[in-house]
Amino acid sequence: MSLSQIPVAAVLGHPINHSKSPRLHNFWLSKFGVNGYYIPLDINPRNFEKHIRSLPQLGFVGANVTIPYKEKILKVADKISDRAAIIGAANTLTFLSDGKIYADNTDGYGFIQNIKSRYNDWTAKDGMSVVFGAGGASRAILGALIDDGANEIVLANRTRSRADQLRSDFGAKIKVVDWMKVQNYLDDAANLINTTSLGMVGKADLPIPLDKLKKNTLVADIVYTPLKTPLLAYASEIGCRTVDGLGMLIYQAIPGFERWFGVKPADSLDLRKLLLK
Ligand code: ATR
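Residues numbered from 1 in each chain as written. Predicted model: local features only at pLDDT ≥ 70, side-chain atom pairs only at ≥ 80, totals over all residues. Heavy atoms only, no water.

A.B. asks: Could you give an account of the overall build of the protein, naming the residues involved and the relevant values?
C.D. replies: Of regular secondary structure, the protein possesses 10 helices and 12 strands. Its C-alpha atoms give the protein a radius of gyration of 19 Å, within 12% of the compact-globule value 19 Å for 277 residues. Overall, the protein is about 60 × 40 × 35 Å in size when its C-alpha atoms are taken along their principal axes. The long-range fraction of contacts in the protein, counting pairs at least 24 apart against all pairs at least 6 apart in sequence, stands at 66%. For the protein, the accessible area works out to roughly 12800 Å², and carbon and sulfur atoms hold 51% of it. Measuring between centres, the 34 positive side-chain charges of the protein sit 3 Å from its 26 negative side-chain charges. (Helix = DSSP H or I, 4+ residues; strand = E, 2+ residues; numbered from the N terminus. Rg over C-alpha atoms; globule rule 2.2 N^0.38 Å. Contact = heavy atoms within 4.5 Å. Areas by Shrake-Rupley, 256 points an atom, 1.4 Å probe, with all protein chains shown as cover. Lys, Arg positive; Asp, Glu negative; His and termini not counted. Charge placed at Lys NZ, Arg CZ, Asp CG, Glu CD.)

A.B. asks: Lay out the side chain of N114 in plain terms, naming residues and giving numbers.
C.D. replies: Among the secondary structure elements, N114 is positioned in helix α5 (residues 107-118). Among the polar contacts listed, one links the side chain of N114 to the backbone oxygen of D244, at a separation of 3.2 Å. The residues touching N114, leaving out its near neighbours within four places in the chain, are V243, D244, G247, M248 and Y251. (Polar contact = N/O pair within 3.5 Å; in protein donor to acceptor, adjacent residues only side chain to side chain.)

A.B. asks: Outline the pattern of salt bridges, supporting the account with residue identities and numerical values.
C.D. replies: If the charged atoms of two oppositely charged side chains come close together, the side chains can form a pair. Going through the model one piece at a time under the given rule, you end up with 13 salt bridges. Between R118 and D267 there is a salt bridge, with its nearest N and O atoms 3.4 Å apart. Taken together, the residues span a long stretch of sequence, with R118 in helix α5 and D267 in the loop between α9 (246-261) and α10 (269-276) at a distance of 149 residues. Across the pair R139 and D169 runs a salt bridge whose closest N-O atoms are separated by 2.6 Å. You can see R139 sitting in helix α6 (residues 136-147) and its partner D169 sitting in helix α7 (residues 160-170), a full 30 residues away along the chain. Each of the salt bridges in this network shares a partner with another, and the network as a whole consists of R118, D244, D267 and R272. (Salt bridge = Lys/Arg side-chain N within 4 Å of Asp/Glu carboxyl O.)

A.B. asks: Tell me about the site of the ligand, and please be specific about residues and values.
C.D. replies: Within the structure, the ligand sits among 14 residues, and A134, N157, R158, T159 and R162 are positioned closest to it. Here an oxygen atom of the ligand sits 3.1 Å away from a polar atom, N or O, in the main chain of G136. A distance of 2.5 Å separates an oxygen atom of the ligand from a polar side-chain atom of T159. Out of a free accessible area of 650 Å², the ligand has 68% covered by protein chains. When its residues are assigned to classes, the shell around the ligand shows four nonpolar, seven polar and three charged. (Near = heavy atom within 4 Å. Nonpolar A, V, L, I, M, F, W, Y, C, P; charged D, E, K, R; others polar.)

A.B. asks: So what about the packing of aromatic side chains? Which residues, and what values?
C.D. replies: Per the counting criterion, the structure on display carries six aromatic pairs. Relative to F257, the ring of W28 has its centre 5.4 Å away and its plane inclined at 70°; by these criteria the two rings are edge-to-face. Within this pair, whereas W28 is found in helix α1 (residues 21-31), its partner F257 is found in helix α9, the two being separated by 229 residues in sequence. When sorted by exposure, W28 lands in the same class as F257, which is buried. When the ring of F132 is compared with that of W179, the centres are 5.8 Å apart and the planes differ by 85°; the resulting orientation is edge-to-face. Taken together, the residues F132 in strand β7 (residues 129-132) and W179 in the loop between β9 (174-178) and β10 (191-194) connect sequence positions 47 residues apart. We classify F132 as buried; its relative accessible area is 0%. One aromatic cluster in this structure is built from W28, Y38, F257, W260 and F261. (Phe/Tyr/Trp six-rings, centres within 6.5 Å; stacked < 30°, edge-to-face > 60°. Buried < 20%, exposed > 50% of the residue type's maximum accessible area, 1.4 Å probe, protein only.)

A.B. asks: Provide a residue-level description of the sheet that holds strand β5 (residues 92-95), including the pertinent values.
C.D. replies: The pairing of strands in a sheet happens through backbone hydrogen bonds and is either parallel or antiparallel. Taken together, the six strands give an open sheet; going across it, the order is β2-β1-β3-β5-β6-β4, and neighbouring strands pair in mixed fashion. A single partner strand is all that each edge strand has here, and the edge strands are β2 (37-42) and β4 (79-80). Contacts from α1 reach β1 (8-13), β2 and β3 (60-65), with the element oriented near 170° to β2. Packed onto the sheet, helix α2 (residues 48-57) meets β1, β2, β3, β5 and β6 (101-104) and runs at close to 110° relative to β6. (Pairing = 2+ DSSP bridges. Axes fitted to C-alpha atoms, helices over the stretch in contact; angles between N-to-C directions.)

Treat this as a map of the structure, not an account of what it does.
This is the structure we're talking about:
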């Protein structure tokens, strides 16, 4: 990018109208008075690589990647961060000055930073974590928990083979237990994390009895519609510390914005309100 060029970034997906990223980044662009643009781009799956390769040439500085391209983008990227490689998916691209594409995954970073922003002294080292779910979000969160020093993670998923795969990818800190028996581990948990879509508007609620949950546990949900999921409502009722999913969405976006536009943005109440509209 030449100095006179105005930085432009995008979110790439197909379809793309569900994405909250344009609202989020445009809020920050205006709040910090940055001279730049952020737009949604619906990328046709035909000629996917050609479309992506053309973006740096058109002057884009980077992009977020969403469904259905988060895995596929790794085949196109020239450089891949360690965390994107182990997760097997990227959500943040930076177009380097030589036109090369650097792919990173900031979902796990977003998850951890969101918790730390609410509870400053929290670390994943604090004790055992119970994690529900073994999809893409779980993969990002497990990697980030281990990076933050977690020693013991109890993982349960409806389809056990997906959890076993994560155990084999992330190693012995992960102990896989049956979906129907995971409730027995809740009384020892320092953290309980829901990475499934259960509890989301229109979906069933988690079928796991929570009566063994202790009041000091930190309970985090990646679902943010509704903001207070049935899991978080129960957890706060019994005195747990709770963390909702909207913060993860905000924090995963920070590294990209900072790289592309040169300003480190922050979480704020007005941004949260805007995203919930
Ligand atoms: P993401 O990439 O967003 O994590 P995903 O890969 O589709 O999405 O994973 C969704 C997670 O929610 C999985 O752990 C899934 O369990 P399965 O692996 O058994 O499918 C979980 N999930 C979705 N619907 C569920 C349900 N009705 N009961 C239990 N788990 C469910």
